Amino acid sequence: MFYHDDELQFEVEVEDPNPRFAKMLQQAIGGAEGEMRVALQYMFQAFAVPAEKQEIRQFLMETATEELGHIEMLATAVSKNLEGASDEAREAAREDAVIDEMMRSGQPRQALSAGLHAMPVDSNGAPFTGNYVVASGNLAADLYANVMAESTGRLLATRLYEFTDDPGMKDMLEYLIARDTMHQNQWHAALEALGEHRPVPNSFDQSKENQEYNYTFMSTAREEREDPQQPWTQGEAPDGNGDFSYSPRQPGGGNPDLDEMIDEMHNEVK
């Protein structure tokens, strides 16, 4: 159950409304690197945590709820960057300077469908998709995905920071960038607390793996290359269960013999 407080998580002020920047902020809401992604990702991961790991479930859910607050902050920022048009001016559409600028460089649907407010879309207007969400039911795998999500989210926020000179927008983004730093570190800390978890999943009996290839880096270059002697081709693997090696070629499996099956399928179609 969620409870909403009218107070924003952090102050959002816009001194110089910019429809073009509003369009860019949409990526931080509904894009692949956006807050909708991480809020739902952490939430659905929490749903899969068993009852005996209540502390981990709460950890994920509290962060998911924080990300919902970030969506609200960004939606407020989008609205404030689109402010300035009255109802009459919206009806006039192209006659209004704000809407005219937005129609040329922003999201037309923000005028046509949302009344100059944020939408669950990215900066190109593509709707948010749940395909962005990673919630595998394996805690270690999910925590690695969370590190990546926060890393790309922080990268997006820093790029947005460089695209604006508005002091209020910079203040908001400085806060969001700081939270991305915290979240990256908390997921790393949680991974370390899990202890032995590599490879993922680590519940599968490794003796059943093909022992010839489970720690071998295989080159896919057309011409055979010498061992580049990199950390992933020699020395102990990070999981401590094997040593890296190098192969200049793939094992090889021969040509697929599918002619008979293809002929049969064509005959059935006829």
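Before any of the text, the structure's been laid out above.
A quick note: this is a predicted structure, and the numbers were derived from the prediction, not measured. (Residues numbered from 1 in each chain as written. Predicted model: local features only at pLDDT ≥ 70, side-chain atom pairs only at ≥ 80, totals over all residues. Heavy atoms only, no water.)

A few points about the layout of surface pockets
1) Next: By volume, the largest pocket amounts to about 360 Å³.
2) Next: Lining the largest pocket are 13 residues, and of these Tyr 3, His 4, Asp 5, Thr 65 and Gly 69 sit closest to its centre.
3) Next: Here the second largest pocket is characterised by a volume of approximately 240 Å³.
4) Next: In terms of lining, the second largest pocket is formed by 17 residues, of which the most central are Lys 53, Gly 137, Asn 138, Leu 139 and Ala 140. (1 Å grid on protein atoms, 1.4 Å probe; cavity = no way out; pocket = protein on both sides within 12 Å on 5 of 7 lines; lining within 4 Å. Points joined across faces, edges and corners; volume = space filled by probe spheres on them.)

Examining the side chain of Asp 180
1) Next: Mapped onto the elements of the fold, Asp 180 is located in helix H8 (residues 167–194).
2) Next: For the buried Asp 180, no salt bridge is present, and the opposite-charge side chain at shortest range is Arg 154, 5.9 Å distant.
3) Next: Excluding its chain neighbours within four sequence positions, the residues that come into contact with Asp 180 are Glu 150, Gly 153, Arg 154 and Ala 157. (Helix = DSSP H or I, 4+ residues; strand = E, 2+ residues; numbered from the N terminus. Buried < 20%, exposed > 50% of the residue type's maximum accessible area, 1.4 Å probe, protein only. Lys, Arg positive; Asp, Glu negative; His and termini not counted. Salt bridge = Lys/Arg side-chain N within 4 Å of Asp/Glu carboxyl O. Contact = heavy atoms within 4.5 Å.)

Quick notes on the pattern of salt bridges
1) Next: Applying the stated rule across the entire model yields 3 salt bridges.
2) Next: As a salt-bridge pair, Glu 224 and Arg 249 come within 2.8 Å of each other at their nearest N and O atoms. With Glu 224 in the loop between strand S1 (216–218) and strand S2 (245–247) and Arg 249 in the loop between S2 and helix H9 (259–269), the pair connects residues that are 25 residues apart, well separated along the chain.
3) Next: By relative accessible area, which is 52% here, Glu 224 ends up exposed.

So, the side chain of Asn 146
1) Next: As for its placement among the helices and strands, Asn 146 is situated in helix H7 (residues 139–162).
2) Next: If we ignore the near neighbours within four places in the chain, the residues touching Asn 146 are Gln 41, Tyr 42, Gln 45, Leu 60 and Trp 187.

Remarks on the environment of Met 24
1) Next: You can see Met 24 is positioned in helix H1 (residues 19–30).
2) Next: In the structure, Met 24 is positioned 132 residues away from Leu 156 in sequence and 10.0 Å away in space, judged by C-alpha atoms.
3) Next: Not counting chain neighbours up to four residues away, the residues in contact with Met 24 comprise Ser 123, Leu 160 and Phe 163.

Here we look at the packing of aromatic side chains
To describe a pair of aromatic rings, you give the distance between the ring centres and the angle between the ring planes.
1) Next: In total, this model carries 6 aromatic pairs according to the counting rule given.
2) Next: Both rings, one in Phe 10 and one in Tyr 175, keep their centres 4.4 Å apart while their planes meet at 10 degrees; by these two values the pair is stacked. A residue pair is termed long-range when its members are at least 10 positions apart, and Phe 10 in the segment before H1 and Tyr 175 in helix H8 qualify at 165 residues.
3) Next: Here Phe 10 falls in the partly exposed class, since its relative accessible area comes to 29%. (Phe/Tyr/Trp six-rings, centres within 6.5 Å; stacked < 30°, edge-to-face > 60°.)

Section: a nonpolar patch on the surface
1) Next: Judged by side-chain polarity, Leu 258, Met 261, Ile 262 and Met 265 come together as a nonpolar surface patch covering roughly 360 Å² of accessible area.
2) Next: Along the chain, Met 265 turns up in helix H9.
3) Next: The class of Met 265 is partly exposed, set by a relative accessible area of 49%. (Patch = residues over 30% accessible without salt bridge, like charges linked within 9 Å, V, L, I, M, F, W, Y side chains within 5 Å. Areas by Shrake-Rupley, 256 points an atom, 1.4 Å probe, with all protein chains shown as cover.)

Comments concerning the packing of helix H3 (residues 54–81) against H8
1) Next: Relative orientation of the contacting elements H3 and H8 amounts to 160 degrees, with a least axis distance of 12 Å. Viewed along their axes, H3 and H8 adopt a mutual orientation that is roughly antiparallel. As H3 packs across H8, the resulting crossing turns out to be left-handed. Contact with H3, carried on its side by Phe 59, Leu 60, Thr 63, Glu 66, Glu 67, His 70, Met 73, Leu 74, Ala 77 and Asn 81, involves Met 169, Met 172, Tyr 175, Leu 176, Arg 179, His 183, Gln 186, Trp 187 and Ala 190 of H8 and no other residues of that element.
2) Next: Grouping the amino acids of the contact of H3 with H8 by side-chain chemistry returns 11 nonpolar, 5 polar and 3 charged. (Axes fitted to C-alpha atoms, helices over the stretch in contact; angles between N-to-C directions. Parallel < 35°, antiparallel > 145°, perpendicular 65-115°, else oblique. Left-handed = near helix turned anticlockwise from the far one by under 90°. Nonpolar A, V, L, I, M, F, W, Y, C, P; charged D, E, K, R; others polar.)

Description of unusual backbone geometry
1) Next: Cis rather than trans, the peptide bond between Arg 198 and Pro 199 has omega equal to -5 degrees.
2) Next: Tracing the chain through its elements places Pro 199 in the loop between H8 and S1.
3) Next: Of the consecutive residues Val 200 and Pro 201, the connecting peptide bond is found in the cis state with omega at -10 degrees.
4) Next: Of note, the phi angle at Gln 229 is positive, near 55 degrees, even though the residue is not glycine.
5) Next: Mapped onto the secondary structure, Gln 229 falls in the loop between S1 and S2.

Here we look at empty space enclosed by the protein
1) Next: Taken as a whole and judged by the stated rule, the model has 1 cavity of 30 Å³ or more.
2) Next: Each pocket or cavity is described by its volume, and for the largest cavity that value is around 120 Å³.
3) Next: As for the largest cavity, its lining consists of 16 residues, and the residues nearest its centre are Ala 28, Glu 33, Glu 35, Gly 153 and Asp 180.
4) Next: Mapped by element, the contributors of at least two residues to the lining of the largest cavity are helix H2 (35–47), H3, H7 and H8.
5) Next: In terms of residues, the lining of the largest cavity owes the most to one element, H7, which gives 6 residues.
6) Next: Looking at side-chain class alone, the lining of the largest cavity contains 9 nonpolar, 2 polar and 5 charged residues.

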